[in-house]
Amino acid sequence: MQTNDDIGTIAICICTYNRVAYLKKCLDQLIPQLRSSRIVLTVIDNNSTDGTKSYVQSLMAANASIRYLYEPQQGLSYARNTAWKTSQSEWLLYLDDDCLPSDRLIQSALNIIWTSNSIAAFGGPIDAIFQDEIPGWLPEKFGCFSMPFEKQTVIE
């Protein structure tokens, strides 16, 4: 079993493109959980034109645990790769900008790391949010339920 001193740092990576309103809702729930110097929140701006950069920079002025990266090549894979290539953390936790993270997300992630000896990846459910109507191409029931966060999946 690992201890708090063994885990190193965790980089929470949120990739975004022109969805600053979603990003604000996500970060409103996530920032209060940044209580440790071992947690780094990185927003990867995937070429946004909607004020994402200035919003994140305003957060950085008040919180040293937040950083901003710009990825000009369009696409989620490019943004996520920028996150891991520039990270100096032992652990990466990817979130989407349109999710509402549990108020226990970071503590749950830490608990998984502390109690597992050979973890390779883990994940859990999220609550999807929509600014407007649910897009027609999504299944009718999408986003109408919330699975309990305690049901994580661990890959060893």
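Keep in mind that what you see is a predicted model, and the values were worked out from it rather than measured. (Residues numbered from 1 in each chain as written. Predicted model: local features only at pLDDT ≥ 70, side-chain atom pairs only at ≥ 80, totals over all residues. Heavy atoms only, no water.)

**A look at the nonpolar core**
Ranked by internal contacts, the top residues of the largest apolar core, which has 27 residues, are Ile10, Ile12, Ile14, Leu27, Leu30, Leu41 and Leu95. Those elements giving two or more residues to this core turn out to be strand S1 (10-16), helix H1 (20-30), strand S2 (39-45), helix H2 (52-62), strand S3 (66-70), strand S4 (91-96) and helix H4 (105-115). Per-element accounting of this core gives the leading share, 6 residues, to H4. Setting aside chain neighbours within four positions, we find Ile10 in contact with Arg38, Ile39, Val40, Ser89, Trp91, Leu93, Leu110 and Ile113. Membership of the second largest hydrophobic core comes to 7 residues, among which are Cys13, Cys15, Ile44 and Leu69. (Core = buried A, V, L, I, M, F, W, Y, C linked by side-chain atoms within 4.5 Å. Buried < 20%, exposed > 50% of the residue type's maximum accessible area, 1.4 Å probe, protein only. Helix = DSSP H or I, 4+ residues; strand = E, 2+ residues; numbered from the N terminus. Contact = heavy atoms within 4.5 Å.)

**Regarding the sheet that holds S4**
Each strand in a sheet pairs with another by means of backbone hydrogen bonds, the pair being arranged parallel or else antiparallel. Within the open sheet, the 4 strands sit side by side as S3-S2-S1-S4. Their pairing is parallel. Each edge of the open sheet is held by one strand with a lone partner, namely S3 and S4. Adjacent strand axes in the sheet meet at a mean angle of 25 degrees when their direction is disregarded. Inspection of the sheet shows S2 paired to S3 by 5 bridges, in the parallel sense. When the bridges of S3 are listed, Val43 appears paired with Tyr68. This element, H2, spans S1, S2 and S3 of the sheet and lies at about 155 degrees to S3. (Pairing = 2+ DSSP bridges. Axes fitted to C-alpha atoms, helices over the stretch in contact; angles between N-to-C directions.)

**A few points about the state of the cysteines**
Throughout the structure, instances matching the rule amount to 0 disulfides. Just so you know, Cys13 is unpaired, no disulfide at all, and the nearest cysteine sulfur is the one on Cys15, 6.9 Å from it. Since its relative accessible area comes to 1%, Cys13 is described here as buried. (Disulfide = S-S within 2.5 Å.)

**Observations concerning a nonpolar patch on the surface**
On the surface, Trp84, Leu92 and Tyr94 cluster together into a nonpolar patch covering about 270 Å² of accessible area. Mapped onto the secondary structure, Leu92 falls in strand S4. (Patch = residues over 30% accessible without salt bridge, like charges linked within 9 Å, V, L, I, M, F, W, Y side chains within 5 Å. Areas by Shrake-Rupley, 256 points an atom, 1.4 Å probe, with all protein chains shown as cover. Salt bridge = Lys/Arg side-chain N within 4 Å of Asp/Glu carboxyl O.)

**Examining H1**
Restricting attention to buried positions, one finds in H1 the residues Val20, Tyr22, Leu23, Cys26, Leu27 and Leu30. Mapping the buried residues of H1 onto a view down its axis gives an arc of 150 degrees, with all of them on the same face. Its buried side turned inward, H1 meets S1, S2, H2, S4, strand S5 (99-100) and H4. (Arc of directions from axis to C-beta.)

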